[in-house]
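Descriptive structure summary
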Amino acid sequence: MDKQAVRHLINQRKRQFTEQQLSRLSLAALEKVERHPKVMAAHTILLYYSMKGEVDTHDLVDRLWQQGKTVLLPRVVSDTDMELVAYTGRDHLRAAGAFHILEPVGPPVTDYRAIDIAIIPGVAFTADGKRLGHGRGYYDRLLAAMPQVYRLGLCFPFQLLPDLPTSAFDMTMDEVVD
């Protein structure tokens, strides 16, 4: 199965769930993330502000930030790149891009060595850490610039597959939580 076929398969699977069911699955996955030893010990966390259809991270971002952790969120700056910005509350997010994804406002953070863990979305994952994204390579390029960071993939259970097609530049996760 090629990458586009996998994306189509996951889209079909996702449509079988109601918003309420996806919300319950999100809560279950987020409980695992919050209890994860690396998240609990982290000072600086790269996270994502979810869009529709992804594990909903909005409340998690707030909780981690309220615990005093530095939460970095990506902001798309071109067709190929993202930069990271420190989250400073929901009032400092703006809708951007064609999909109106909420992104943080503020200066970019460039010291990637301070990041303890990166929690990464994807279209599909394997148990051994392979990841398939939406096809633009944003996270692959970003993660390549921070090889020391522990990479935690976050997904719904139906996004886990036995295997995925990958390319040489596709970054793998150290662990996947569903």
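To be clear, the structure that these remarks concern was listed above.
Report on the accompanying structure. (Residues numbered from 1 in each chain as written. Predicted model: local features only at pLDDT ≥ 70, side-chain atom pairs only at ≥ 80, totals over all residues. Heavy atoms only, no water.)

Things to note about the pattern of salt bridges
Going through the model one piece at a time under the given rule, you end up with twelve salt bridges. Between D59 and R90 there is a salt bridge, with its nearest N and O atoms 2.9 Å apart. With D59 in helix α4 (residues 58-66) and R90 in the loop between β3 (82-86) and β4 (93-96), this residue pair connects regions lying 31 residues apart in the sequence. The class for D59 is partly exposed, based on a relative accessible area of 46%. (Salt bridge = Lys/Arg side-chain N within 4 Å of Asp/Glu carboxyl O. Helix = DSSP H or I, 4+ residues; strand = E, 2+ residues; numbered from the N terminus. Buried < 20%, exposed > 50% of the residue type's maximum accessible area, 1.4 Å probe, protein only.)

What about the nonpolar core?
Membership of the largest hydrophobic core comes to 52 residues, with the highest contact counts inside it found for L47, I119, M146 and L154. Dropping the residues within four chain positions of it, L47 is found in contact with L60, V61, L64, V71, L72, L73, P74 and I119. (Core = buried A, V, L, I, M, F, W, Y, C linked by side-chain atoms within 4.5 Å. Contact = heavy atoms within 4.5 Å.)

As for the sheet that holds strand β2 (residues 70-76)
Strands sit in the order β6-β3-β2-β1-β7-β10-β11 across an open sheet of seven strands; the sheet is mixed. Of all the strands in the sheet, just β6 (108-109) and β11 (175-177) have a single pairing partner and so form its edges. Taken together, the two bridges between β3 and β6 define a ladder with antiparallel strand orientation. Within β6, the residue paired with L84 across the bridge is V109. (Pairing = 2+ DSSP bridges.)

Comments concerning the packing of aromatic side chains
Using the criterion set out here, one finds four aromatic pairs in the structure. Considering the side-chain rings of F17 and F158, the 4.7 Å spacing of their centres and the 20° angle between planes classify their relative orientation as stacked. Of this pair, F17 sits in the loop between α1 (3-14) and α2 (19-35) while F158 is found in the loop between β10 (150-154) and β11, placing the two residues 141 residues apart along the sequence. The exposure class assigned to F158 is buried, which follows from its relative accessible area of 9%. Here the aromatic rings of Y49 and Y87 are separated by 6.4 Å at their centres, their planes lie at 25°, and the arrangement is stacked. With Y49 in the loop between β1 (44-46) and α4 and Y87 in the loop between β3 and β4, this residue pair connects regions lying 38 residues apart in the sequence. Ring pairs connect the aromatic residues F17, F156 and F158, which therefore count as one cluster. Above the ring of Y150, the side-chain terminus of K38 is found at 4.8 Å from the ring centroid. Sitting above the plane of the Y138 ring, R141 keeps its charged end 6.0 Å from the centroid. (Phe/Tyr/Trp six-rings, centres within 6.5 Å; stacked < 30°, edge-to-face > 60°. Lys NZ or Arg CZ within 6 Å of the ring centre and 35° of its normal.)

Regarding the side chain of H36
Along the polypeptide, H36 turns up in the loop between α2 and α3 (37-41). Among the polar contacts made by the side chain of H36, one reaches the main-chain amide nitrogen of K38 at a distance of 3.0 Å. Side-chain polar atoms of H36 contact the side chain of E175, separated by 2.8 Å. H36 has contacts with Y150, L152 and E175, leaving out every residue within four places of it along the chain. (Polar contact = N/O pair within 3.5 Å; in protein donor to acceptor, adjacent residues only side chain to side chain.)

Focus: the environment of L72
On the secondary structure map, L72 appears in strand β2. The class for L72 is buried, based on a relative accessible area of 2%. Here the alpha-carbon distance between L72 and L154, two residues 82 residues apart in the chain, equals 16 Å. Leaving out residues up to four positions away in the same chain, L72 has contacts with T44, I45, L46, L47, L84, V85, A86, V109 and I115.

Some thoughts on the pairing of β3
For a regular strand, side chains alternate in direction, first toward one face of the sheet and then toward the other. In the sheet, β2 pairs with β3 via five bridges, with the strands oriented antiparallel. Residue pairing in the sheet places L73 in a bridge with V85 of β3. Hairpin remark: β2 followed by β3, antiparallel, with five residues in the connecting loop.

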